[in-house]
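Structural features, examined
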Amino acid sequence: MKKNLLKFSALLIFAVIFALSACKKGDADSQSAEDAARGSYFMSDAFAISNDAQGGKTLKGFSEECYEIVPFEGGFDIIFTACTGDDGIYRDGTLRVTAADSAWINENSGGISITYIDFTHNDHGISGTVTAVIGYGDITGNGIEYWYFILGADDLKVTYPNGNTAILNYAEINYVFKLLKGVEIFGNSRGINRIGIAYSTVSENIKYGTFADPCPWPTEGTITITIEGEKDIIVDFDQDGTGSCDNIFLVTQKRHDDVTLTFN
């Protein structure tokens, strides 16, 4: 399973929107984008950990004294007890994973469900369910079959340290692994940010170069953030139209100045 890519892409989207929020502090649209990206990160983190734990394996990057994997018929619990991993993140509570063993196999199209139970990620409380499907087929609509996995969210609720909450009502993030062409990421989400404003996002054609010539940054693709009554915000990873591997991206919004930002 492409765990590193999965977690990196989620972190990257989170970093993009965090930078945008910092540039436009206090804007409702920036707040919505940051909350959506944070929810996507939590989804990817839960799936990556569950993928590591399936089959009763130990979890890399965690002390065996602070977690337990407890199998049950049809799944397993990952129980963290005041556990700080090598990534520096504090986790406490349970991830309940429901899936047949075959659901983790490529080309099986099996369904996986991950539910948060009394769960804390650093100083954020999380509840709700993450879903995942691993399969092989044509999900891009071009008549060609690829290996893929799809992450979803069902009323994923994040409680912030100050008591405010954000809800990712729905999300679908598609990862398509194209032979020779690399990975393409696309999807959409909708939710309510921590100040009560509804939003939606669309991610399209996000790519990281090819398998032969990979790039640590997206070379193509956009994220569009929409809020009723506001002009759309567009994050463009190919800011100069060349598709080159660089750490530069462009943020545009009508009636606002364009902003060029870089990843650190």
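With that out of the way, let us pick up the overall build of the protein. Helix and strand counts for the protein stand at two helices and 13 strands. For the protein, the proportion of its 264 residues judged to be buried stands at 49%. The contacts in the protein between residues at least 6 apart in sequence include a share of 46% that link residues at least 24 apart.

Another point: unusual backbone geometry. Phi is positive for Ala-82, close to 45 degrees, though the residue is something other than glycine. According to the relative accessible area criterion, Ala-82 is partly exposed, its value standing at 45%. Positive phi, normally seen in glycine, also occurs at Asn-122, with a value near 55 degrees. Examined against the element boundaries, Asn-122 turns out to sit in the loop between β4 (110–121) and β5 (124–137).

Here the focus is the nonpolar core. Counting residues in hydrophobic clusters, the biggest one holds 56 residues, and the most contacted among them are Met-43, Leu-59, Ile-78, Phe-80, Leu-95, Ile-112 and Tyr-116. Here this core takes seven residues from helix α2 (residues 28–53), the largest share from any one element. Setting aside anything within four residues of it in sequence, one finds Tyr-116 in contact with Phe-42, Met-43, Ala-46, Thr-94, Leu-95, Ile-126, Ser-127, Gly-128, Val-130 and Leu-156. The next biggest cluster of nonpolar side chains, apart from the first, holds five residues, and it includes Tyr-148, Ile-150, Val-176 and Phe-186.

Now for the packing of aromatic side chains. Summed over the entire model, instances satisfying the criterion amount to 10 aromatic pairs. Residues Trp-147 and Phe-177 carry aromatic rings whose centres are separated by 4.4 Å and whose planes lie at 40 degrees to one another, so their mutual orientation is tilted. Residue Trp-147 is located in strand β6 (residues 146–159), and its partner Phe-177 is located in strand β7 (residues 165–178); the two are separated by 30 residues in the primary sequence. Grouping aromatic residues by their ring pairs yields a cluster made of Phe-47, Trp-147, Phe-149, Tyr-175 and Phe-177. In this structure, Arg-194 is placed above the aromatic ring of Tyr-160, and the distance from its NZ or CZ to the ring centre is 3.9 Å.

What follows is about the pairing of strand β9 (residues 198–207). Sheet topology note: the strand β8 (residues 182–192)/β9 ladder contains eight bridges and is antiparallel. Bridging across to β9, Asn-188 finds its partner in Val-202. If you look at the hairpin formed by β8 and β9, you'll find five residues sitting between the two strands, and Gly-196 has a positive phi there, around 85 degrees. As defined by bridge partners, β9 adjoins strand β10 (residues 220–226) across six bridges and the pair is classed as antiparallel.

Another point: the pattern of salt bridges. Two side chains of opposite charge can pair, provided their charged atoms sit close to one another. Summed over the entire model, instances satisfying the criterion amount to four salt bridges. The salt bridge involving Lys-178 is made with Glu-184; its shortest N-O contact spans 2.7 Å. A network of salt bridges, in which partner residues are shared, links Asp-45, Asp-87 and Arg-91.

This next bit is on the confidence of the model for the protein. The predicted model of the protein averages 80 in pLDDT, with 82% of residues at 70 or higher. Of all secondary-structure elements in the protein, the lowest mean pLDDT belongs to helix α1 (residues 3–23), at 46, while strand β3 (residues 90–98) reaches the highest, 96. In this model, residues 10–22 is a region of pLDDT below 50 whose contacts with residues beyond four sequence positions or in other chains number 33 contacts.

Let us look at the side chain of Asn-174. Within the secondary structure, Asn-174 is located in strand β7. A residue is classified by how much of its surface remains accessible, and Asn-174, at 3% relative accessible area, is buried. Contacts of Asn-174, omitting those with residues within four sequence positions, involve Ile-139, Phe-149, Ile-150, Glu-184, Ile-185, Phe-186 and Gly-187.

As a further point, take the pairing of strand β2 (residues 75–84). Judged from the six bridges that link them, strand β1 (residues 67–72) and β2 form a sheet pairing that is antiparallel. Residue pairing in the sheet places Ile-69 in a bridge with Ile-78 of β2. Connecting β1 to the next strand, β2, in antiparallel fashion are two residues, including Gly-74 with a positive phi near 90 degrees. The pairing of β2 with β3 spans eight bridges and is antiparallel. By the bridge assignment for β3, Thr-84 is matched with Tyr-90.

Cut-offs used in this document
- Think of each chain on its own: its residues are numbered from 1, step by step along the sequence as written.
- Note on the predicted model: pLDDT of at least 70 is required for a residue's local features to be given, and 80 or more for side-chain atom pairs to be given and counted; whole-chain, interface and lining totals, by contrast, use all residues.
- Values reported for side chains reflect all heavy atoms of the structure, with hydrogen atoms and water molecules removed beforehand.
- The helix count covers DSSP runs of H or I at least four residues long, the strand count covers runs of E at least two residues long, and both are numbered beginning at the N terminus.
- For every residue, the accessible area obtained with a 1.4 Å probe (protein chains only) is divided by the maximum for its type, and the residue is called buried under 20%, exposed over 50%, and partly exposed between those limits.
- Pairs of residues are marked as contacts when any of their non-hydrogen atoms sit within 4.5 Å.
- Residue types Ala, Val, Leu, Ile, Met, Phe, Trp, Tyr and Cys, when buried and joined through side-chain atoms within 4.5 Å, form a set referred to as a nonpolar core.
- Between the rings of Phe, Tyr and Trp (Trp by its six-membered ring), a pair exists once the centres lie within 6.5 Å; its type follows the angle of the planes, with under 30 degrees stacked, over 60 edge-to-face, and the other angles tilted.
- Sitting over a ring, as applied to charges here, requires NZ of Lys or CZ of Arg to be within 6 Å of the ring centre and within 35 degrees of the ring normal.
- One requirement defines pairing of two strands: DSSP has to find at least two bridges between them.
- Put simply, a salt bridge is a Lys or Arg side-chain nitrogen that is within 4 Å of an Asp or Glu carboxyl oxygen.
- Confidence of the prediction at every residue is given by pLDDT, a number between 0 and 100.

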